[in-house]
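Results of the structural survey
Letter by letter, the chains look like this.
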Amino acid sequence: MKVTVLAGGGGGARLVAGLANAGCDLTVVVNTGDDEVMRGLHISPDVDTVLYYLAGLIDWQRGWGLQKESLAANDRYRELVVASGVEVDMQDWFTLGDRDLATHMFRTQLLTAASLTEVTAALCGALGVSVPVLPMSDEPQRTVLETTSGDIVDFQTYFVRHQHRDEIGAVRYLGSARPGPRVLEALRDADVVLIGPSNPMLSIGPILALDGVRDAISRCVAVSPIVGGKAIKGPADRLMASLGHEVSCVGVAKVYEGLVDTFVIDAVDADRASEISMRTIVCDTMMPGPDEATRVAKEIIDGI
Ligand code: FO1
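Residues numbered from 1 in each chain as written. Predicted model: local features only at pLDDT ≥ 70, side-chain atom pairs only at ≥ 80, totals over all residues. Heavy atoms only, no water.

A look at helix 5 (residues 116-127)
Cut-off, in case you're wondering: The numbering of helices and of strands both runs from the N terminus, where a helix is a DSSP run of H or I of at least 4 residues and a strand a run of E of at least 2. Multiplying 1.5 Å by the residue count of a helix minus one yields the expected span of that helix. Residues are treated as being in contact if the distance between any of their heavy atoms lies within 4.5 Å.
The end-to-end C-alpha distance of helix 5, which contains 12 residues, comes to 16 Å, matching closely the 16 Å that a straight helix rising 1.5 Å per residue would cover. The elements touched by buried residues of helix 5 are strand 4 (41-43), helix 2 (45-54), helix 4 (98-110) and strand 5 (133-135). One or two residues past the end of helix 5 sits G128, with phi positive at roughly 70°.

Re the site of the ligand
Heads up, the rule is: Here, proximity means that at least one heavy atom of the residue falls within 4 Å of the molecule or strand. By the criterion applied in these results, polar contacts are pairs of N or O atoms within 3.5 Å in which, for protein atoms, one can donate a hydrogen and the other can accept it, and in which residues neighboring in sequence qualify only through two side-chain atoms. The Shrake-Rupley method, run with a 1.4 Å probe, gives the accessible areas here. Residue values count only the displayed protein chains as cover.
Surrounding the ligand, one finds 14 residues, the nearest of these being D34, D46, W64, T95 and Q156. For the ligand, an oxygen atom lies 2.9 Å from a polar atom in the side chain of D34. Here an oxygen atom of the ligand sits 2.8 Å away from a polar atom, N or O, in the side chain of Q156. If the ligand stood free it would expose 540 Å²; the protein chains cover 91% of that surface. The set of elements that each furnish at least two residues to the shell around the ligand consists of helix 2 and helix 6 (155-161). Sort the elements by how many residues they give to the shell around the ligand and helix 6 lands first, with four residues.

Structural notes on the sheet that holds strand 13 (residues 262-266)
Cut-off, in case you're wondering: Strand pairing follows a simple DSSP-based rule, namely that at least 2 bridges must link the two strands. Only the stretch in contact is used when fitting a helix axis, every axis being a line fitted to C-alpha atoms; angles between N-to-C directions are given from 0 to 180 degrees.
Read from one edge to the other, the open sheet built from seven strands follows the order 5-2-1-9-10-13-14, with strand pairing classed as parallel. Looking at which strands have only one partner, the edges of the open sheet turn out to be strand 5 and strand 14 (279-283). Taking each pair of neighbouring strands and ignoring which way they run, the sheet shows an average axis angle of 20°. Summarising the sheet, strand 1 (residues 2-7) and strand 2 (residues 25-30) pair through six bridges and their orientation is parallel.

Some thoughts on the pattern of salt bridges
Stated formally: For salt bridges, the criterion is a side-chain nitrogen of Lys or Arg within 4 Å of an Asp or Glu carboxyl oxygen. Relative accessibility under 20% of the residue-type maximum defines a buried residue, over 50% an exposed one, and the middle range a partly exposed one, all with a 1.4 Å probe and only protein chains included.
With the rule as written, the count across this model stands at 12 salt bridges. A salt bridge links R142 to E36; the shortest N-O distance between them is 2.6 Å. One end of the pair, R142, is in strand 6 (residues 142-147); the other, E36, is in strand 3 (residues 36-38), and 106 residues separate them in sequence. Take R142: its relative accessible area is 34%, and that puts it in the partly exposed class. Relative accessible area serves as the criterion here: at 17%, E36 is assigned to the buried category.

The values are spatial; any link to function lies outside them.
Dropping the structure here:
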């Protein structure tokens, strides 16, 4: 079975790691709406998260960045800025680990002569990742959040600097980026398109907003990121509530209505299955480590 996963954030990337471990014929399309230039370097957080999970390098506990990371460059940079007395936006609320920095340097340098898709393929090669990892687009499309008081906040400011404390009235995807060169083909060629337990508005919405993406998807299975009325990790529960959605697997299923035909819910929500309009698969969806991710991936593939 050919599976194309739409991924963004930690939940989707964990499922990707599990599917790869389970020997799936896999392609991954990754959200780039969170991409940002930080201290002059092009950061593609969701692409790197998927790459690090697939390469076995991720810090599983934290869900982003490399294992056993050091922060010497990060700290030295802060010292230089403070000692210089120069007025500059340090962006030091966004931590860049020493070895992770090399990934951003590699990407930024190669982007002067190649597309994000090509640079990501080069990174896959360098990290020994054989699964095709496709950024959703080679063109910028930025996810921004509009607070209930009307302020526009960029994604990383909302997510990291403000620790997702802003009350959000709307999520916007700015730009008119086209899907990356092999994205629509990967969706059309798949026997099934799989959406992991990712944030529907912040991680999956930006991919679905690209021209032609929805139309290229035929069979689609999604996993609920809300379990027992709470987000597994991150702001999905608060964001859904402030956007007027029911904070439950039933609420997520409604967001995906018309796109998804099979919805995976956690065993703790088994009693909600009858309220969901699509076919459901009920299983333990928690993926605290690689073994659990492989088990969840196998259960979903067997259940499809
Ligand atoms: N998340 C944080 O909560 N704090 C950070 O300082 C931070 C730095 C960072 C650096 C590189 C990278 O690839 C990811 C990083 N993340 C950090 C995670 C990132 O904000 C999120 O993974 C996504 O953008 C949401 O999916």
